[in-house]
Amino acid sequence: MTSFTNNIQEFFERLKTLYNVELSEIDSKQFKIIAEPDKILPLLAYLKEIGYSHLSILTCVDWIEQKKFELVYILFNWSNGITFLVSTFIDRDKPVFYTVKDMWPTAEYYERDVHEFFGVEFEGNENCKKPMILELWNDLPPLRKDFDPLKYSKEHYPDREYEKDAIHEARIVRGDIRGDVNG
Amino acid sequence: MSKIDERSVWEKIADQLRSRSMWMLHYCTGCGAVELPPSMTSRFDMERLGMGPMATPRQADIFLITGYLSAKTLRRVIYTYEKMADPKYVIGFGSCTINGGIYYDSYSTINRLDYYIPVDLYIAGCMPRPEAILNAFNQLMEMIRKGEANGWKRYKENYEWYKQNQLRSLGEVIVHDEFHE
Amino acid sequence: MSMGEVKLFFGPNHPGMHGNFSVHMYVEGDVVVKARPVPGFLHRGFEKLMERRLWYQNVALIPRICVPEPDINEACYAMAVEKIAKVEVPERATWIRMLVLELARIANHLWSFGGIGGPIGMYTSMFWSVSDRDKVLDIFEELTGARIYHMYIIPGGVRKDLPTGLEEKISKLMDYLEQRMSEYETFILKNRILHTRLKGIAKIDTETCLKLGVTGIGLRATGIPYDIRKVDPYMFYDKVEFDVPTATEGDAYARISLKPQEIKQSIRIIRQILEKMPSGPVNIKISDGNGLRIRVPKGMAYAKVESTRGEYGYLVVSDGGETPYRVAVRGASYPQGLYGVEHLLPGTRIDDVPIWLDSMGVCAPEIDR
């Protein structure tokens with residue numbers, strides 16, 4: 001275990017000098033790497049080359065206050081069981097990034113997913129703008145933080161209106177049961 | 001007694017017979033479908049009630065909406081419902097069909113099924129157990145015998161209202177293919 | 001004479017279709033020329049809904065992401081939250097979690113036997129396996145109060161300790177299932193229908209699996225013993241002994257024949273769990289805060305488990321608030337259900353499409369979320 005830890009420290013130093021990344025430990029077998037957007041593709045290619053070849057998922061986090069989208073690539077190495085969360089921040093107002101579908105064919109669908117739910121475009125993935133999960137969607141991409149699903153649901157899908165239960169409310173007023181009178 | 005409840009003698013006899021042989025459309029619209037195989041197979045054995053799964057909507061009598069419906073599925077459900085031959089009965093399965101249930105604030109699922117197609121019977125719960133499903137089928141048979149399960153007549157009578165609701169929530173009720181040509 | 005291409009919608013309303021999923025294809029005769037997967041019928045927007053609910057409230061929501069095998073969701077979510085909060089779960093809770101996960105694995109493998117019975121027209125396997133699965137569900141019912149959605153594993157442990165007498169019931173069930181598994185192998189796996197319909201059908205090779213990121217039985221049926229329980233052991237999988245069964249053919253029959261072997265391994269694991277499980281507390285608070293309104297420190301963590309279909313993972317992001325900031329779900333059948341359908345189905349016959357979907361374990365709700 002110690003040799004492995006030493007190796008990984010060396011490996012991290014190399015990553016830092018080569019790709020100028022920021023590293024943090026999540027637990028003993030999971031690490032987060034934050035890289036600049038222009039370094040991501042060579043970094044991913046390098047990691048894939050040395051064994052981190054399984055792309056678990058490509059996803060996105062909306063940091064609305066910092067006006068950034070964080071793209072997260074989760075890579076897994078089948079031979080030593082180490083997981084890397086490779087992440088990068090891109091501009092939220094102009095969300096365009098490069099595709100990785102040449103490295104991982106399945107990424108084509110992850111990218112379509114991210115485009116559908118966050119509106120991030122992937123250059124080189126000609127299918128990424130086609131709708132996949134949602135049909136005839138005409139609002140903001142739904143996983144963005146400024147999208148309110150309750151409001152959308154109220155506007156589009158009428159709710160059942162329940163009749164007022166006067167006796168129930170009277171019991172609440174009297175203090176027999178706890179509850180909301182207007183609810 | 002309104003016009004919708006009136007039945008001729010022949011219809012009464014037909015309803016008696018209909019209730020003994022019900023075919024359920026094999027369409028797993030939501031997560032409740034996971035309780036259907038247990039109720040179909042040896043332990044709960046739905047077939048002793050004279051019921052069985054049926055592949056095509058044109059030969060099915062019961063449409064079981066098993067749980068939440070996303071807008072995308074609702075388009076297919078309306079298609080399928082309109083394809084089914086009269087008389088047809090709809091059972092709403094689980095809390096999600098009644099009032100949205102746990103997905104009340106979801107942008108993708110509808111909150112109330114009977115706004116789009118008529119529902120004869122609801123099964124409450126998430127998820128309803130096979131016993132509840134069998135109980136509901138028994139109840140539905142009873143309703144058919146009494147002539148109370150007339151959702152299909154209501155759909156015909158209030159077609160404009162249903163259509164307007166469908167269009168309001170879905171935009172269009174047309175099914176496109178996935179080739180994007 | 002050429003028949004020309006015909007556009008065919010396979011599913012969502014189709015008896016051979018596994019859940020609410022659809023494949024649109026062009027066929028020539030009965031050979032698929034072009035295929036496109038159509039996911040999204042079961043989309044409920046979980047990832048958005050989870051951002052709107054408290055950390056503990058989400059436990060009620062997440063089992064619904066993968067319907068046939070709900071427990072893996074709870075386990076992944078709980079493990080990811082614990083990783084962020086840097087909390088150690090009590091030892092007994094971890095063993096109980098493993099017990100639940102292995103029981104769920106058995107239940108889901110039995111379920112997929114039922115699934116394969118439909119498209120190949122061998123309903124015996126469906127009747128057998130669904131009624132055997134019900135016996136596992138009865139254990140779950142006694143343990144958690146529900147048949148399908150258990151909501152049993154919570155961040156910080158499990159909800160309650162095992163009820164008295166459940167251990168004996170589980171070990172009795174294990175004896176029963178072990179004896180059943182050899183019956184399955186003789187009656188189902190040696191059946192001629194199964195051989196004719198599954199041998200050499202829906203083939204995939206190791207290279208394609210690794211390129212696409214196919215994990216689980218799909219990968220192990222091509223001869224690679226990759227199992228997350230072995231490669232990156234979570235919980236106490238490094239403290240129990242079990243083998244990873246593999247096959248080399250990579251076809252549908254190889255995948256199906258691995259299932260009874262995996263069930264046998266699960267039975268072996270469960271017996272060891274029942275032996276090794278210590279007594280003690282079964283849950284701890286993962287952070288301060290009153291009642292259910294806990295706060296989880298800032299951070300991001302990915303937790304994965306080996307489900308019956310492959311790697312199943314949750315990426316949980318917290319900004320230190322009362323609700324998760326973002327949760328992303330890696331469905332195990334994402335690669336084979338989407339990319340696999342589009343690129344590997346052309347050239348096969350129409351009736352092999354449901355065999356691909358079933359034997360690779362394509363689970364529509366986890367793709368749609």
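Just above, that's the structure.
Quick caveat: nothing in here was measured; it's all calculated off a predicted structure. (Residues numbered from 1 in each chain as written. Chains lettered and ligands numbered in written order. Predicted model: local features only at pLDDT ≥ 70, side-chain atom pairs only at ≥ 80, totals over all residues.)

1. A closer look at the packing of helix α4 (residues 91–120) of chain C against helix α11 (residues 252–276) of chain C
All names here are of chain C.
Phase 1 of the analysis: Where α4 meets α11, the axes come as close as 9 Å, and the angle between the chain directions of the two elements is 160 degrees. When the interaxial angle is binned, α4 and α11 end up roughly antiparallel. Helix-helix and strand crossings are classified by hand; for α4 and α11 the assignment is left-handed. Contacts from Trp-95, Met-98, Leu-99, Glu-102, Arg-105, Ile-106, His-109, Ser-112, Phe-113 and Ile-116 in α4 reach Ile-256, Lys-259, Glu-262, Ile-263, Ser-266, Ile-269, Ile-270, Ile-273 and Lys-276 in α11.
Phase 2 of the analysis: Residues of the contact of α4 with α11, tallied by class, amount to 11 nonpolar, 3 polar and 5 charged. (Axes fitted to C-alpha atoms, helices over the stretch in contact; angles between N-to-C directions. Helix = DSSP H or I, 4+ residues; strand = E, 2+ residues; numbered from the N terminus. Parallel < 35°, antiparallel > 145°, perpendicular 65-115°, else oblique. Left-handed = near helix turned anticlockwise from the far one by under 90°. Contact = placed C-beta atoms within 7 Å. Nonpolar A, V, L, I, M, F, W, Y, C, P; charged D, E, K, R; others polar.)

2. Some thoughts on the interface of chain C and chain A
Phase 1 of the analysis: Every contact between the two is made by 30 residues of chain C and, on the other side, 30 residues of chain A.
Phase 2 of the analysis: For the side of chain C that touches chain A, the secondary structure elements donating two or more residues are α1 (46–51), α8 (206–212), β6 (299–306), β7 (311–318), β8 (326–330) and α12 (334–344) of chain C.
Phase 3 of the analysis: Looking at side-chain class alone, the side of chain C that touches chain A contains 15 nonpolar, 5 polar and 10 charged residues.

3. Describing the sheet that holds strand β1 (residues 5–10) of chain C
Residue and element names in this part refer to chain C.
Phase 1 of the analysis: On the basis of which strands lie adjacent, the open sheet formed by 3 strands has the order β1-β2-β3 and antiparallel pairing. Across the chains shown, the open sheet's two edge strands, defined by having one partner strand only, are β1 and β3 (31–38). The mean angle between the axes of side-by-side strands here comes to 20 degrees, regardless of whether they run parallel or antiparallel.
Phase 2 of the analysis: The sheet contacts of α12 involve β2 (22–28) and β3, and relative to β3 the element is tilted by about 155 degrees. (Pairing = 2+ DSSP bridges.)

4. What to know about the environment of Tyr-253 of chain C
Residue and element names in this part refer to chain C.
Phase 1 of the analysis: Tracing the backbone shows Tyr-253 in helix α11.
Phase 2 of the analysis: We classify Tyr-253 as buried; it has 23 C-beta atoms within 10 Å.
Phase 3 of the analysis: Sequence spacing of Tyr-253 and Ile-201 is 52 residues, and the spatial spacing of their C-alpha atoms is 7.7 Å.
Phase 4 of the analysis: Tyr-253 has contacts with Leu-194, His-195, Leu-198 and Lys-199, leaving out every residue within four places of it along the chain. (Buried ≥ 20, exposed ≤ 12 C-beta atoms within 10 Å, placed from the backbone.)

5. Considering unusual backbone geometry
Phase 1 of the analysis: Between Asp-86 of chain B and Pro-87 of chain B the backbone carries a cis peptide bond, its omega angle lying at -10 degrees.
Phase 2 of the analysis: Residue Cys-126 of chain B is joined to Met-127 of chain B through a cis peptide bond whose omega torsion reads -10 degrees.
Phase 3 of the analysis: The topology assignment puts Met-127 of chain B in the loop between β5 (121–123) and α5 (130–146).
Phase 4 of the analysis: Positive phi values are uncommon outside glycine, yet Asp-45 of chain B reaches one of about 50 degrees.
Phase 5 of the analysis: Mapped onto the elements, Asp-45 of chain B comes out in the loop between α2 (36–40) and β2 (51–54).
Phase 6 of the analysis: By the C-beta count within 10 Å, which is 16 here, Asp-45 of chain B ends up partly exposed.
Phase 7 of the analysis: Although it is not a glycine, Met-235 of chain C adopts a positive phi angle of roughly 50 degrees.
Phase 8 of the analysis: Relative to the elements of secondary structure, Met-235 of chain C occurs in the loop between α10 (228–231) and α11.

The values reported here are purely geometric and, on their own, carry no functional implication.
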